[in-house]
Amino acid sequence: MSPEKSRGSMTAFMQLAFNGLALGAAYALVALGFVLVLNATSAVNFAQGDLVMVGGYGAAALAAVLPLPGIALLPMVMAAMALLGLAVAALAYFPLMRRPASAVFISTIAVGLLLQNGALHIFGPEPRAAPPVLSGGQLHLGHVVLPYQSLAIVAVAAVLVLGQRWLFAHTQLGRRMRATAQDREMAAALGIPVRGMIALTFALAAALAGASGALLSNQFFVTPTEGGALILKAYIAVVIGGWGSLEGAVLGALLIGEFETLVAAWFGYTVASALLYGALLVILMARPQGFYGEAAERRA
Amino acid sequence: MSSAALAPTLRGLGDRAPWVLAALCLAAYAATASPYGLRVLALAGAQVVLVLGYQFIFGHAGALSLAQGAFFGIGAYVTAILGGRYGLGFLASFPVSILAPSLLAAAIAAPVLRLATHYFALATLGLAQVASLAAVNGGAFTGGALGITGVPGIVFFGWAVPRGLGLVAAVWLVVAAASWLSVHLTRGLTGRAYAVLRGNPLAASAIGLSEQRLRLAAFLLSAGYAGAAGALHAHILGVVSSESMAFSVMVACLAMTVIGGSTRLAGAFIGALLLTYLPEWLRSLEGYSLLAFGAALLAAIVAAPTGIAGALAKAVAALGRTERPILPTPAELPVPQGPSGLSLLVVRGLAKRFGGIEALKGLDLTIDRGEILGVIGPNGSGKTTLANLVTGFAPTGGGTVILEGRNITALGASEIARAGVGRSFQNPALPPELTVLEIVTLARASLEDDLGFRAALAGRDRSDRRERHEAEAMYFLRSLGADGYAHALCASLPYRAAWRVEIARILALEPKLVILDEPASGLTEAEQGELARTLRRLARLGLGLLVIEHNMPFLLPVADRILVLDEGRAIASGKPEEVRQNPAVISAYLGRKVGLA
């Protein structure tokens with residue numbers, strides 16, 4: 001949509017900003033799952049984007065069998081994805097626990113390859129869509145159109161992000177997961193089942209990816225190869241937000257969603273992507289610790 | 001010829017026999033292959049070159065670059081544009097195809113190679129995405145999404161190499177040249193220097209090797225090889241599109257390297273041939289080949305970290321006789337004679353801040369030749385920070401460090417190590433997969449600039465020079481009583497031997513000043529006594545020593561002077577017995593920690 005066609009530039013901007021928020025909210029779930037695994041294992045899970053893709057197909061496939069609204073399918077997709085997350089941990093993380101972090105990076109690239117081609121086999125190359133969370137209607141706020149699906153994405157993402165915060169801040173399980181992420185040896189010494197906590201982290205990350213996939217695939221459809229672009233955005237969000245920061249990852253994802261939507265509206269999607277990657281390179285060169293800063297320089 | 005002289009020749013033949021056999025098989029296959037088979041064989045050759053290049057940065061330097069696919073694509077596009085559009089021959093387009101990605105790598109190297117693992121991977125991935133977008137949206141220049149067709153075959157001085165067997169021969173000649181260069185660069189001590197970089201970057205800096213320079217050289221070579229591979233690919237296919245630059249090219253290259261083996265020549269051949277032919281063999285299982293690809297990559301990274309080539313080498317080694325390696329005879333080196341006059345080390349106003357904490361607040365100190373300065377202080381008083389700043393392992397936040405009148409404040413760790421300041425670390429900085437003899441030998445070679453690809457090209461890191469460095473290394477190991485461990489892997493070294501190896505590695509660089517960080521921790525009393533005698537012996541030779549230590553019964557008798565740090569400041573300095581009685585010291589440190597007689 002080009003802005004000239006809209007009635008006022010302010011309305012157009014508001015509309016785009018809202019669209020960007022909805023996109024960013026879905027990205028936030030991807031980035032959050034990425035950073036959870038990163039903290040728990042110090043390793044990059046490169047299959048996180050492909051897990052989103054699987055979540056999208058999962059929702060679409062489930063809808064074909066169970067004609068229920070998206071909101072009812074969502075918990076089922078998340079539960080199934082949690083199991084897939086456990087499988088990823090068992091196949092691609094635990095055997096490499098004592099190896100350099102780049103080994104996990106590579107093993108998760110392999111998992112991504114398996115997921116992509118598995119999806120291609122089962123579902124074929126045509127894009128699929130999952131059912132909307134509630135219904136296909138929309139809300140009008142002045143001239144700004146707020147589709148229910150976009151509102152639902154923002155709401156679901158907010159609930160999941162806050163839920164994850166609550167889990168970490170107020171539950172024994174969350175505290176144990178955080179302790180494992182901070183210092184594995186110390187956590188083990190305190191009797192925390194470290195492997196179990198890491199497995200749970202993978203499950204949680206995959207469930208978040210699944211939710212993201214189910215939400216995104218209604219509007220944007222899902223194809224077997226979409227994971228690559230998503231992981232890159234999650235990765236960038238985490239860099240912008242400060243490596244390892246959960247809040248930073250969510251903020252970074254929202255920022256990327258807005259950036260992409262706004263820049264694409266004026267200059268096209270290619271320019272938006274090129275600028276995003278260009279900005280990433282500049283950020284990495286100038287401020288590798290991100291905007292919010294990593295943990296302070298280590299005392300030697 | 002005597003049988004003793006014949007043995008190495010025969011062994012050399014034995015080493016080469018599999019290669020000769022493989023080359024003959026390849027030639028026999030090529031002679032009988034169909035045109036399609038020849039095309040696949042040529043494409044496989046291009047992949048071998050791509051993987052050989054990736055071995056430099058990923059295998060040897062140990063950095064996960066995700067730009068190798070993009071460099072390949074750039075090489076392919078350059079050849080397509082120069083050959084297809086401007087009608088230039090191979091001799092013009094091939095060098096430019098190699099040069100273009102290398103220049104791009106050089107341009108981004110300075111900021112990118114500094115980055116830690118994940119950031120480096122992401123930055124190179126970002127670069128690849130930008131390159132790919134540029135290819136798709138390059139308009140008429142890159143042919144857009146359709147790409148460029150009509151790329152000519154290989155043309156030498158107006159003579160077109162015939163497609164089919166001729167093209168295969170030309171491609172595999174390039175493979176042979178690339179292999180020769182690769183082996184030449186990495187089989188000597190330089191290859192082992194990269195193993196230090198992978199295994200323990202601190203150890204690399206400590207023996208005077210610049211991490212930056214080693215990584216840069218590997219990155220440039222990998223880009224150049226990728227460009228060459230891309231150029232060959234373009235000549236073989238005759239078409240170049242954005243698919244030549246897709247992430248799948250990168251993933252395939254990574255898989256070939258991991259599955260074949262990331263540092264061995266055979267690994268590049270095994271990985272590239274296997275993964276090029278796997279989809280051909282699995283043709284009946286249309287579409288499942290990429291699944292098999294992913295499964296093979298996962299299986300390799302989990303079960304065979306050194307790849308098929310590494311596993312084969314291990315199996316062969318297990319089958320063969322285990323000859324007990326002969327220790328080199330130690331060289332006899334002259335006793336070093338340091339010049340006298342100036343103070344050895346003068347530190348003025350040295351400061352360092354970590355966020356809000358001032359770790360060092362303007363510290364002054366001097367060390368003379370033949371002097372042992374003991375540095376004590378409570379935990380967090382700035383002792384290790386002092387060592388890190390003087391040796392360049394952390395940037396200073398103010399102040400100057402002068403070594404024999406030369407300002408070394410701004411130098412990097414490897415330069416300072418070569419300028420004459422050696423150091424040990426609280427945890428010995430020894431690369432796990434190298435032998436004791438290797439690490440000390442590398443320190444000797446580093447001192448004479450015999451490491452790095454330039455030295456390797458000139459042959460300075462092999463044969464007689466290597467033997468001399470080994471003999472000299474044995475001298476230092478023997479003088480520390482560690483010659484018995486020469487062939488032990490650093491990873492399996494007992495704690496009581498590690499300090500001997502660390503000091504041998506330090507002395508091998510012929511330092512003027514030696515900084516030891518808690519050398520006595522974990523040692524028995526007898527070992528501590530031997531360490532103390534060693535330190536006195538080094539001081540008598542004219543070396544200055546700075547010894548950081550908590551163990552007072554060890555340090556006080558051995559030190560000439562003691563410097564007491566507390567909260568980043570010197571609170572006392574003087575002879576051990578003076579410091580021992582200084583009330584400020586007793587209240588700040590000694591009184592709390594150690595009961596003093």
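Nothing here was measured: the structure is a model prediction, and the numbers come from that model.

## A closer look at the overall build of chain B
Here's step 1: Scanning chain B from terminus to terminus reveals 23 helices and 14 strands.
Here's step 2: By principal-axis analysis of the C-alpha atoms, chain B measures approximately 90 × 65 × 45 Å.
Here's step 3: In chain B, which comprises 597 residues, the share counted as buried stands at 50%.

## Examining the overall build of chain A
Here's step 1: Across its full length, chain A carries 11 helices and two strands.
Here's step 2: In chain A, the order of α-helices and β-strands from amino to carboxyl end is α-α-α-α-β-β-α-α-α-α-α-α-α.
Here's step 3: Over its C-alpha atoms chain A spans a radius of gyration of 19 Å, differing by no more than 12% from the 19 Å that the globule rule assigns to 300 residues.
Here's step 4: With respect to the three principal axes, the spread of C-alpha positions in chain A is 65 × 50 × 35 Å.
Here's step 5: Residue burial in chain A is summarised as follows: out of 300 residues, 51% are buried.
Here's step 6: In chain A, the share of contacts with a sequence separation of at least 24, taken over all contacts with a separation of at least 6, comes to 76%.

## Remarks on helix α9 (residues 211-237) of chain B
All names here are of chain B.
Here's step 1: Across its 27 residues, α9 extends 39 Å between first and last C-alpha, which sits within 8% of the 39 Å expected from 1.5 Å per residue.
Here's step 2: Of all the 27 residues making up α9, 21 are buried; the element is thus mostly covered by neighbouring parts of the structure.
Here's step 3: Gly-238 sits one or two positions beyond α9 and adopts a positive phi of about 80°.

## Overview of the pairing of strand β8 (residues 400-403) of chain B
All names here are of chain B.
Here's step 1: Where burial is concerned, the two faces of β8 differ: the one with Val-401 and Leu-403 is buried and the one with Thr-400 and Ile-402 is not.
Here's step 2: By the bridge criterion, four bridges tie strand β5 (residues 345-354) to β8 in an arrangement that is antiparallel. Bridge pairing in β8 places Leu-345 opposite Leu-403.
Here's step 3: Note that β8 and strand β9 (residues 406-407) share two bridges and pair antiparallel. Looking at β9, one finds that Leu-403 is bridged to Arg-406.
Here's step 4: Following β8, the chain reverses through two residues before pairing antiparallel with β9; Glu-404 in that reversal takes a positive phi of roughly 45°.

## Focus: the nonpolar core
Here's step 1: Residues A:Ala28, A:Ala31, A:Leu32, A:Val238, B:Val49 and B:Val436 are the most contacted members of the largest nonpolar core, which totals 299 residues.
Here's step 2: Here this core gets 17 residues from one element, more than from any other, and that element is helix α1 (residues 9-41) of chain A.
Here's step 3: Among the domains, domain 1 (33-244) and domain 2 (345-593) of chain B are the pair contributing at least three residues each to this core.
Here's step 4: Beyond its immediate chain neighbours, meaning those up to four positions away, B:Val436 contacts B:Leu477, B:Ala482, B:Tyr485, B:Ala486, B:Ala488, B:Cys490, B:Leu493 and B:Val501.

## Re the sheet that holds strand β13 (residues 561-566) of chain B
Residues and elements named next belong to chain B.
Here's step 1: Strands sit in the order β10-β11-β12-β7-β13-β14 across an open sheet of six strands; the sheet is mixed. Across the chains shown, the open sheet's two edge strands, defined by having one partner strand only, are β10 (421-423) and β14 (569-574). Taken pair by pair, the neighbouring strands of this sheet meet at an average axis angle of 20°, ignoring direction.
Here's step 2: Of the strands in this sheet, β7 (372-376), β11 (513-517) and β12 (544-548) touch helix α20 (residues 525-540), which is tilted by about 150° from β12.

## Regarding the domain arrangement of chain B
Residues and elements named next belong to chain B.
Here's step 1: When the domains of chain B are assigned, the result is domain 1 (33-244) and domain 2 (345-593).
Here's step 2: Each of domain 1 and domain 2 was reduced to a C-alpha centroid, and the two centroids are 42 Å apart.
Here's step 3: Taken together, the contacts link 20 residues of domain 1 with 34 residues of domain 2.
Here's step 4: Only α6 (165-186), α7 (189-199) and α8 (201-206) provide two or more residues apiece to the side of domain 1 that touches domain 2.

## Quick notes on the interface of chain B and chain A
Here's step 1: Between chain B and chain A, the contact holds 39 residues from the first and 38 residues from the second.
Here's step 2: For the side of chain B that touches chain A, the elements supplying multiple residues, two or more each, are α5 (117-136), α10 (247-260), α12 (289-303) and α14 (383-390) of chain B.
Here's step 3: For the side of chain B that touches chain A, the element with the highest residue contribution is α5(B), accounting for 12 residues.
Here's step 4: Of the residues in the side of chain B that touches chain A, the class split is 28 nonpolar, 11 polar and no charged.

## Some thoughts on the sheet that holds strand β6 (residues 357-367) of chain B
Here's step 1: Taken together, four strands build an open sheet; the order of strands is β6-β5-β8-β9 (chain B) and the sheet is antiparallel. The outermost strands of the open sheet, each flanked by one partner alone, are β6 and β9 of chain B.

## Structural notes on helix α16 (residues 436-447) of chain B
All names here are of chain B.
Here's step 1: Between its first and last C-alpha, α16 extends 17 Å over 12 residues, near the 16 Å set by a 1.5 Å rise per residue.
Here's step 2: All of the buried residues along α16 are Val-436, Leu-437, Glu-438, Ile-439, Val-440, Thr-441, Leu-442, Ala-443, Arg-444, Ala-445 and Ser-446.
Here's step 3: Contact partners of the buried residues in α16: α7, α8, α18 (463-479) and α19 (495-508).
Here's step 4: Looking one or two residues beyond α16, the residue adopting positive phi is Asp-449, at roughly 60°.

## Some details on the environment of A:Phe123
Here's step 1: Among the structural elements, A:Phe123 can be located in helix α4 (residues 101-123).
Here's step 2: Excluding residues within four positions of it along the chain, A:Phe123 makes contact with A:Tyr57 and A:Arg128.

## Some remarks on unusual backbone geometry
Residue and element names in this part refer to chain B.
Here's step 1: At Ser-463, a residue that is not glycine, the phi angle is positive and equals roughly 45°.
Here's step 2: Even without a glycine there, the phi angle at Glu-567 is positive, about 50°.
Here's step 3: Residue position: Glu-567 is located in the loop between β13 and β14.
Here's step 4: Judged by local crowding, Glu-567 falls into the partly exposed class, with 16 C-beta atoms found within 10 Å.

## Some remarks on the packing of helix α3 (residues 68-85) of chain B against helix α4 (residues 90-112) of chain B
Residues and elements named next belong to chain B.
Here's step 1: Orientation of α3 relative to α4, taken along the N-to-C sense of each, is 140°, at an axis distance of 8 Å. Our classification of the angle between α3 and α4 gives oblique. α3 and α4 meet at a crossing whose hand is right-handed. Counted together, Phe-71, Ile-74, Gly-75, Val-78, Thr-79, Leu-82 and Gly-83 of α3 and Ala-92, Ser-93, Val-96, Ser-97, Ile-98, Ala-100, Pro-101, Leu-104 and Ala-105 of α4 form the full contact between these two elements.

## Here we look at the environment of B:Phe425
Residues and elements named next belong to chain B.
Here's step 1: As for its placement among the helices and strands, Phe-425 is situated in the loop between β10 and α16.
Here's step 2: C-alpha separation for the pair Phe-425 and Asp-517, spaced 92 residues apart in sequence, amounts to 5.4 Å.
Here's step 3: In this structure Phe-425 touches Leu-202 and Asp-517, once residues within four positions along its chain are discounted.

## Here's the deal with the packing of helix α5 (residues 148-170) of chain A against helix α8 (residues 194-220) of chain A
Angle between the axes and distance between the axes are the two parameters that describe a pair of packed helices.
All names here are of chain A.
Here's step 1: The N-to-C vectors of α5 and α8 enclose an angle of 175°; their axes lie 10 Å apart at closest approach. As the angle between them shows, α5 and α8 are arranged roughly antiparallel. Every residue of α8 that contacts α5 at Gln-149, Ile-153, Val-156 and Leu-160 is listed here: Leu-208, Ala-211, Leu-215, Asn-218 and Gln-219.

## Concerning the confidence of the model for chain A
In low-pLDDT segments, the atomic positions of the prediction should not be examined closely.
Residues and elements named next belong to chain A.
Here's step 1: Scored by pLDDT, chain A has a mean of 85; 93% of the residues are at 70 or more.
Here's step 2: The weakest mean pLDDT in chain A belongs to strand β1 (residues 138-141) at 82; the strongest belongs to helix α3 (residues 70-93) at 94.
Here's step 3: Every residue in residues 294-300 is under pLDDT 50, and counting partners more than four places away or in other chains gives 15 contacts.

## Things to note about the pairing of β1(A)
Residues and elements named next belong to chain A.
Here's step 1: Both β1 and strand β2 (residues 144-147) contribute to a ladder of four bridges, which runs antiparallel. Among the inter-strand pairings, Leu-141 is bridged to a residue of β2, identified as Val-144.
Here's step 2: Connecting β1 to the antiparallel partner β2 that follows it, the hairpin turn spans two residues, and Gly-142 within it adopts a positive phi of roughly 65°.

Parameters at a glance
- Residues numbered from 1 in each chain as written.
- Chains lettered and ligands numbered in written order.
- Predicted model: local features only at pLDDT ≥ 70, side-chain atom pairs only at ≥ 80, totals over all residues.
- Helix = DSSP H or I, 4+ residues; strand = E, 2+ residues; numbered from the N terminus.
- Buried ≥ 20, exposed ≤ 12 C-beta atoms within 10 Å, placed from the backbone.
- Rg over C-alpha atoms; globule rule 2.2 N^0.38 Å.
- Contact = placed C-beta atoms within 7 Å.
- Expected span 1.5 Å × (residues − 1).
- Pairing = 2+ DSSP bridges.
- Core = buried A, V, L, I, M, F, W, Y, C linked by C-beta atoms within 7 Å.
- Domains from an automatic or database assignment.
- Axes fitted to C-alpha atoms, helices over the stretch in contact; angles between N-to-C directions.
- Nonpolar A, V, L, I, M, F, W, Y, C, P; charged D, E, K, R; others polar.
- Parallel < 35°, antiparallel > 145°, perpendicular 65-115°, else oblique.
- Left-handed = near helix turned anticlockwise from the far one by under 90°.
- pLDDT = per-residue confidence, 0-100.

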